[in-house]
Amino acid sequence: MEDEKVKNKDEEKRDKPYELMWFYDEAWMNEECRSVRKNMAAIEREYLELRKELRNIEEIIAKSEDKYIKAKADYIKKRIRDLEKRFPWLLSDVPLEALLWGVPHG
């Protein structure tokens, strides 16, 4: 009797392979995970844009001594430091998604 139940469950699983998902696959489908990724992407985008702008401004500063440009560079550096302080995962070598929803080691 139990052998038949096990066989029936196995047959059902084979008939519906799309329902065979690991927990980590399901986590990406979760609304909370999508919301976190969306917010992270916005923060990362802002951080990257600031870094690019700072790089360009520092090239200009190397060529000229404009006080306005230096003030703008200082302001951007302050914004970057603030982002790094508020979101330390921006400086991490490991992506936050891997830490939160990655496959556990071991």
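Bear in mind the structure is a predicted one, so any value in this text is a computation, not a measurement.

Asker: Help me understand the side chain of Glu84 in this model?
Answerer: Here Glu84 is to be found in helix α4 (residues 67-86). By relative accessible area, Glu84 is classed as buried at 19%. At 2.5 Å, the side chain of Glu84 forms a polar contact with the side chain of Tyr47. Those residues in contact with Glu84, other than ones at most four positions away along the chain, are Tyr47, Arg51, Leu90 and Leu91.

Asker: Would you mind showing me how to read the pattern of salt bridges here?
Answerer: With the rule as written, the count across this model stands at 6 salt bridges. For Arg79, the salt bridge identified is with Glu46, shortest N-O distance 2.9 Å. In this pair, Arg79 is assigned in helix α4 and Glu46 in helix α3 (residues 31-63), connecting sequence segments 33 residues apart. By relative accessible area, Glu46 is classed as partly exposed at 30%. With a shortest N-O distance of 3.9 Å, Glu58 and Lys77 are connected by a salt bridge. Residue Glu58 is found in helix α3, and its partner Lys77 is found in helix α4; the two are separated by 19 residues along the sequence. According to the relative accessible area criterion, Glu58 is partly exposed, its value standing at 38%. Accessibility expressed as a relative area gives 32% for Lys77, which makes it partly exposed.

Asker: Please clarify how the confidence of the model for the protein chain should be interpreted in this entry.
Answerer: If pLDDT is low for a region, its predicted coordinates should not be looked at in detail. Confidence in the prediction of the protein chain, expressed as mean pLDDT, is 77, and 63% of residues score 70 or more. Within the protein chain, the element-level pLDDT minimum falls on helix α2 (residues 23-27), averaging 54, and the maximum on α4, averaging 94.

Asker: I tried to follow α3 on my own but got confused; where do I start?
Answerer: Residues separated by three or four positions in an α-helix point in the same direction, a consequence of the helix having 3.6 residues per turn. For α3, which comprises 33 residues, the first-to-last C-alpha distance of 49 Å matches the rise-based estimate of 48 Å (1.5 Å per residue) to within 8%. Burial in α3 covers these residues: Cys33, Met40, Ile43, Tyr47, Leu50, Leu54, Ile57 and Ile61.

Cut-offs used in this document
- Within each chain, residues carry numbers counting from 1 in the order of the written sequence.
- In keeping with the model being predicted, local features are shown solely for residues with a pLDDT of at least 70 and side-chain atom pairs are shown and tallied solely at 80 or more, while totals for entire chains, interfaces and linings include all residues.
- The basis for every side-chain value is the complete set of non-hydrogen atoms in the structure, without hydrogens or water.
- Secondary structure counts use DSSP, requiring at least four H or I residues in a row for a helix and at least two E residues in a row for a strand, with both numbered from the N terminus.
- Categorising residues by exposure relies on relative accessible area from a 1.4 Å probe, with only protein chains included: less than 20% of the type maximum marks a residue as buried, more than 50% marks it as exposed, and the intermediate range marks it as partly exposed.
- Pairing of N or O atoms within 3.5 Å defines a polar contact, subject to two protein rules: one partner must be a possible hydrogen donor and the other a possible acceptor, and residues neighboring in sequence count only if both atoms are side-chain atoms.
- By the convention used here, residues are in contact when the closest approach between their heavy atoms is within 4.5 Å.
- We count a salt bridge whenever a side-chain nitrogen from Lys or Arg sits within 4 Å of a carboxyl oxygen from Asp or Glu.
- The predictor attaches a confidence to each residue, called pLDDT, with possible values from 0 through 100.
- Helices are assigned an expected span. That span is 1.5 Å times one less than the residue count.

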